[in-house]
Amino acid sequence: MMVMMMTMMITIIIIIIIIIIIIIIIIIIIAIIITDNNNNNNNNNDDNNNNKKKKKRNEYYNSNNTTTTIKKKKKKKGKQSKDGAMPFLDVLVKKQEGRFTTSVYTKPTNPGLCLNGRSECRTRYKDSTISAYIRRALTHCSTWKQVHQEIQRSTQVLINNNFSEKDINRLVKKIVDSWHNKKQQEDKKGNINIFYKATFSTAYEEDERAITQIVKRNIKPSDPDRQVKLIIYYNTKKTSHLLKNNPSKEKESLQKSHVIYRFTCNQGNCEVLPSTYVGMTTRLSQRLTFHLAAGAPKKHLKEKHNINITRGMLVDKTEILTTCPDTRRLPILEALYIKETNPTLNQQSEDLQALPSARRPSLDSSPAQPATAVSQSETRTRSGVTSLPV
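What counts, and at which threshold
- Residues numbered from 1 in each chain as written.
- Predicted model: local features only at pLDDT ≥ 70, side-chain atom pairs only at ≥ 80, totals over all residues.
- Heavy atoms only, no water.
- Helix = DSSP H or I, 4+ residues; strand = E, 2+ residues; numbered from the N terminus.
- Contact = heavy atoms within 4.5 Å.
- Areas by Shrake-Rupley, 256 points an atom, 1.4 Å probe, with all protein chains shown as cover.
- pLDDT = per-residue confidence, 0-100.
- Buried < 20%, exposed > 50% of the residue type's maximum accessible area, 1.4 Å probe, protein only.
- Pairing = 2+ DSSP bridges.
- Axes fitted to C-alpha atoms, helices over the stretch in contact; angles between N-to-C directions.
- Phe/Tyr/Trp six-rings, centres within 6.5 Å; stacked < 30°, edge-to-face > 60°.
- Patch = residues over 30% accessible without salt bridge, like charges linked within 9 Å, V, L, I, M, F, W, Y side chains within 5 Å.
- Salt bridge = Lys/Arg side-chain N within 4 Å of Asp/Glu carboxyl O.
- Parallel < 35°, antiparallel > 145°, perpendicular 65-115°, else oblique.
- Left-handed = near helix turned anticlockwise from the far one by under 90°.
- Nonpolar A, V, L, I, M, F, W, Y, C, P; charged D, E, K, R; others polar.

A. Quick peek at the overall build of the protein chain. In terms of helices and strands, the protein chain carries eleven helices and eight strands. Within the protein chain, counting contacts between residues at least 6 apart in sequence, those at least 24 apart form 64% of the total. If you sum the accessible surface of the protein chain, you get close to 29800 Å²; carbon and sulfur atoms cover 55% of it.

Below is the structure:
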């Protein structure tokens, strides 16, 4: 009985396993069938999309070919002359009586605008605008009748842009005369060119006139065949130049100008009682360089301390007492500082009058008189001559 029961249970388990396997196989087959159907649908959709793309591509190519053909026809049509004339850049070429003539060509859409005659710019820039129209008429037109017509048209364009008719006629006469007479221009390579950089302003004419007069009065070439030519060019103002109280970095001491300075010697015995020198200068760095070659500080260090002066020594021992942008006040300030501080290196033991007969007797000729030191400021006041300190 037990054996039969075990046999039945095994049989039932086997049957259940077989049924499960069959169900799994059926599910796999259904899944494969569904996947194949989806792939077929996707392929059909891709085919349809490809067909649509091909159709659109063919339509696009057909339209481009048509447009290209039209453009080619237009280009071929544009290259053909009309009434025996064909424009090329700004030249109109015409065929007349078996020969070609040229004239200035302007497009129908040309508004006729150029540099305005009332604009804030140099006169030579305005003159160059007028000259460009006139020279183009002379170079492009093949007959004087066409030149005359083009000059009349250009004159009207320039007048519409607020140019003076007087200036136009002046330059027309000047350029046409030189062109007609074929005068050779003088060789300008022998000129001495002087370039001056300026900042453009509304008073540029007065500035140019003043600079030209200065150059004319003070510069003359050694060769009489050569001439001095002043070329003024302008630098455009930056936005920072237009700001009031423009914040900028403070200049270093050596970069400052128009100063009253003091040199102090602390070497040897001067450490207890320093020897000082007061001077003025418009450029401190340059003035210190001059002191390296000669002057009271160099003489003092060499004679009293047997030391050769150096640039670093001058920079370290020089201080700025005050600054004054007015060059006329600088000598007065220097004299006041010398009188107030009485610097030892500024004192001079001899008079500096121009004539030897006007000098006071020296110490050797009159030993009974005490030696009085004359300060540099008193000497300048007495002589009426203002010069830089030695």
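B. View of the confidence of the model for the protein chain. Per-chain confidence: the protein chain averages 76 in pLDDT, with 72% of residues scoring 70 or above. Mean pLDDT across the secondary structure elements of the protein chain bottoms out at helix α11 (residues 376-383), with 41, and peaks at helix α3 (residues 144-160), with 90. Contacts from residues 351-360, a stretch scored under 50 in pLDDT, to residues over four places away or in other chains number ten contacts. Within the model, the stretch residues 362-390 combines pLDDT values under 50 with 42 contacts to residues more than four positions away or in other chains.

C. Region of the structure containing the environment of Gly117. Residue placement: Gly117 occurs in the loop between β3 (99-104) and α2 (123-140). Judged by its relative accessible area of 16%, Gly117 is buried.

D. Structural context of the sheet that holds strand β6 (residues 259-265). Here three strands make up an open sheet; going across it, the order is β7-β6-β8 and the pairing antiparallel. With partners counted over all chains shown, the strands left at the sheet margins are β7 (275-281) and β8 (318-323), one partner each. Taken over all neighbouring pairs, the strand axes of this sheet differ in orientation by 25° on average, direction set aside. Bridge analysis of β6 against β8 gives five bridges, and the strand direction is antiparallel. In the strand pairing of β8, Tyr261 is matched with Ile320. Running over the sheet, helix α7 (residues 284-293) touches β6, β7 and β8 and is turned about 130° from β7. Across the face of the sheet, helix α8 (residues 296-304) comes into contact with β6 and β7 while running at roughly 0° to β6.

E. Main features of the packing of aromatic side chains. Per the stated rule, a full pass over the model turns up one aromatic pair. On the basis of an interplanar angle of 50° and a centroid distance of 6.4 Å, the ring pair of Tyr261 and Tyr277 is categorised as tilted. You can see Tyr261 sitting in strand β6 and its partner Tyr277 sitting in strand β7, a full 16 residues away along the chain. Residue Tyr277 is classed as buried on the basis of its relative accessible area, which comes to 1%.

F. Molecular detail of a nonpolar patch on the surface. Together, Met5, Met8, Ile12, Ile16, Ile20, Ile24, Ile28 and Ile32 line one region of the surface with nonpolar side chains, adding up to about 740 Å² of accessible area. Along the chain, the position of Ile28 falls in helix α1 (residues 2-78).

G. Expanded view of the sheet that holds strand β2 (residues 91-96). Strand order across the open sheet formed by three strands is β1-β2-β3, with antiparallel pairing between neighbours. Each edge of the open sheet is held by one strand with a lone partner, namely β1 (85-88) and β3. Between one strand axis and the next, the sheet turns through 25° on average, direction left out of account. Relative to β2, β1 runs antiparallel, the two sharing four bridges. When the bridges of β2 are listed, Met86 appears paired with Val93. Lying over the sheet, α2 contacts β2 and β3, oriented at roughly 175° with respect to β3.

H. Quick peek at the packing of α3 against helix α4 (residues 165-181). Look at α3 against α4: their axes get within 11 Å of each other, and the N-to-C directions meet at 155°. Comparing the axis directions of α3 and α4 gives the class roughly antiparallel. In this structure, the crossing between α3 and α4 has a hand that is right-handed. Residues Trp144, Ile151, Thr155, Leu158 and Ile159 of α3 lie in contact with α4, whose contacting residues are Glu165, Ile168, Val172, Val176, Trp179 and His180. Classifying every residue of the contact of α3 with α4 by side-chain character gives eight nonpolar, two polar and one charged.

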